[in-house]
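# Structural overview
Spelled out, the chains give:
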Amino acid sequence: MSDHVSNEGSSLDDRAQSQRLLLESAHRLFGDHCDKTLLDGAERGEFASELAATLAHYGFHRLADHESGFALADVFALLKVAGYHALPIPLAEWVLGNRWLGSQSDDALVSIGQLRDSALVDVPWAQQARVWLGVTQAGALCTVRPGTWSPGNTIAGEPSGTLHEGERVAVACNEQPFELLALSRCSLAVGAMQRLLELVIEQVTMREQFGRPLARFQVIQHAVADMAAEVAVAGKAHDATLAFLNTSRQREEVAAAKARIGEATSLVTGSAHQLFGAMGFTHEHVLHHYTRRLWAWREEFGNERYWQEVLGRRICERGDDQLWPFLASDR
């Protein structure tokens, strides 16, 4: 018994160490590339090809492969780092797409959109990708051959396209792609919120009004505290979901996280712009690169209203006598 516990503890320690090294490497790599110039360029439609090549060189795009040695939870931890740096690469689509394609994929950039009628919509960096996947809310997954494109942009200014009348080929998948893509937006959002909070704390500490730092004013302290609380709750909602990946409770946990993080987005982005004042509304400041991405991610793969309805229906299906057991249980 003691040997089993020791071996299990050692395995957990090894996984924690691997994740820590992964995230430290990602922070350094993303931080070296993701500056204001790169983010501004993304809004002009300039794809960060050097950054994408570097990610492929170090194997980040293969992190979710079943043979990678990393757990699926590590992928979402990595995406939090991507959100923290406002990474202008469709990393979630690239990583998860390679996982679902398996041996069919190569190192080409993968992008994913939603299937609606005869179109594949909201495909990030569609014209830079070489592999396109489509998902439905019901969980279907397929590859899509390019037909005609309608270019567009997300609210964050990044290129996004719609593919019309493309040929579709079903992809067998024993996971729930739509749910995992929704969770990827939670991961990105939590990382971006954490960075916003740091920027706000730096701002109110350094900027002075009436001869003293903004952080000395009680109303500012309360606003920052409220913002920090929302960021913390969003992070907990996200991290709690990771324990239920590929379990029977995954859908409920993703629904709760996506809904709660969507709600937090309103307060966090509103407070950030308010605390930065007029400076935060200028294009020259970095703030909008985070707030506009948060607004975009909030809507992608189901907004909070969609996921609230999903959660509500699932609870109702269980019956009123199962409400408390559902809330109190981890199964």
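Further up the page is the structure itself.
Residues numbered from 1 in each chain as written. Predicted model: local features only at pLDDT ≥ 70, side-chain atom pairs only at ≥ 80, totals over all residues. Heavy atoms only, no water.

### Comments concerning helix H6 (residues 177-206)
An ideal rise of 1.5 Å per residue puts 44 Å on 30 residues; H6 measures up with 44 Å between its terminal C-alpha atoms. With respect to burial, H6 is a largely interior element, 23 of its 30 residues being buried. (Helix = DSSP H or I, 4+ residues; strand = E, 2+ residues; numbered from the N terminus. Expected span 1.5 Å × (residues − 1). Buried < 20%, exposed > 50% of the residue type's maximum accessible area, 1.4 Å probe, protein only.)

### Digging into the pattern of salt bridges
Taken as a whole and assessed by the stated rule, the structure comprises 21 salt bridges. Of the charged contacts, one joins Arg249 and Glu253 as a salt bridge, the two residues approaching to 2.7 Å between their closest N and O atoms. What makes Arg249 buried here is its relative accessible area of 7%. Three or more residues joined by partner-sharing salt bridges are found here, namely Arg62, Asp65 and Asp107. (Salt bridge = Lys/Arg side-chain N within 4 Å of Asp/Glu carboxyl O.)

### Topic: the packing of H6 against helix H8 (residues 250-276)
Across the interface, H6 lies against H8 with an axial gap of 9 Å and an inter-helix angle of 25°. It follows from the interaxial angle that H6 and H8 lie roughly parallel. Classified by chirality, the crossing of H8 by H6 is left-handed. (Axes fitted to C-alpha atoms, helices over the stretch in contact; angles between N-to-C directions. Parallel < 35°, antiparallel > 145°, perpendicular 65-115°, else oblique. Left-handed = near helix turned anticlockwise from the far one by under 90°.)

### Focus: the state of the cysteines
Tallied over the entire structure, the rule returns zero disulfides. Distance from the sulfur of Cys186, which forms no disulfide, to the nearest cysteine sulfur (Cys173) is 18 Å. Overall, Cys186 belongs to the buried group, its relative accessible area being 1%. (Disulfide = S-S within 2.5 Å.)

### Topic: unusual backbone geometry
Negative phi is the rule for most residues except glycine; trans is the rule for most peptide bonds. Although it is not a glycine, Ala86 adopts a positive phi angle of roughly 55°. Examined against the element boundaries, Ala86 turns out to sit in the loop between helix H4 (72-84) and helix H5 (91-101). Classification of Ala86 by relative accessible area gives buried; the value is 0%. One non-glycine residue, Asn246, lies in the positive phi region at around 55°. Structurally, the position occupied by Asn246 is in the loop between helix H7 (218-242) and H8. A relative accessible area of 44% places Asn246 in the partly exposed class.

### Quick look at the pairing of strand E2 (residues 119-124)
Successive residues of a regular strand alternate their side chains across the two faces of the sheet. Most of E2 is tucked away, with five of its six residues classed as buried. With three bridges joining them, strand E1 (residues 110-116) and E2 adopt antiparallel strand pairing. Each bridged residue has a counterpart across the sheet, and for Leu115 the counterpart in E2 is Leu120. The loop that links E1 with its antiparallel partner E2 comprises two residues; one of these, Asp117, has a positive phi angle of about 55°. Pairing geometry for E2 and strand E6 (residues 159-164), over four bridges, is antiparallel. Following the sheet pairing, Ala119 is matched in E6 by His164. (Pairing = 2+ DSSP bridges.)

### Here's the deal with the packing of helix H2 (residues 36-43) against helix H9 (residues 287-299)
It is at 10 Å that the axes of H2 and H9 come closest, and there the two elements cross at 50°. Taken together, the axes of H2 and H9 are oblique relative to one another. Handedness of the crossing formed by H2 with H9: left-handed. Packed against H2, whose contacting residues are Lys36, Leu39, Asp40 and Glu43, the element H9 presents His288, His289, Arg292 and Arg293 at the interface. Within the contact of H2 with H9, the residues separate by chemical class into one nonpolar, two polar and five charged. (Contact = heavy atoms within 4.5 Å. Nonpolar A, V, L, I, M, F, W, Y, C, P; charged D, E, K, R; others polar.)

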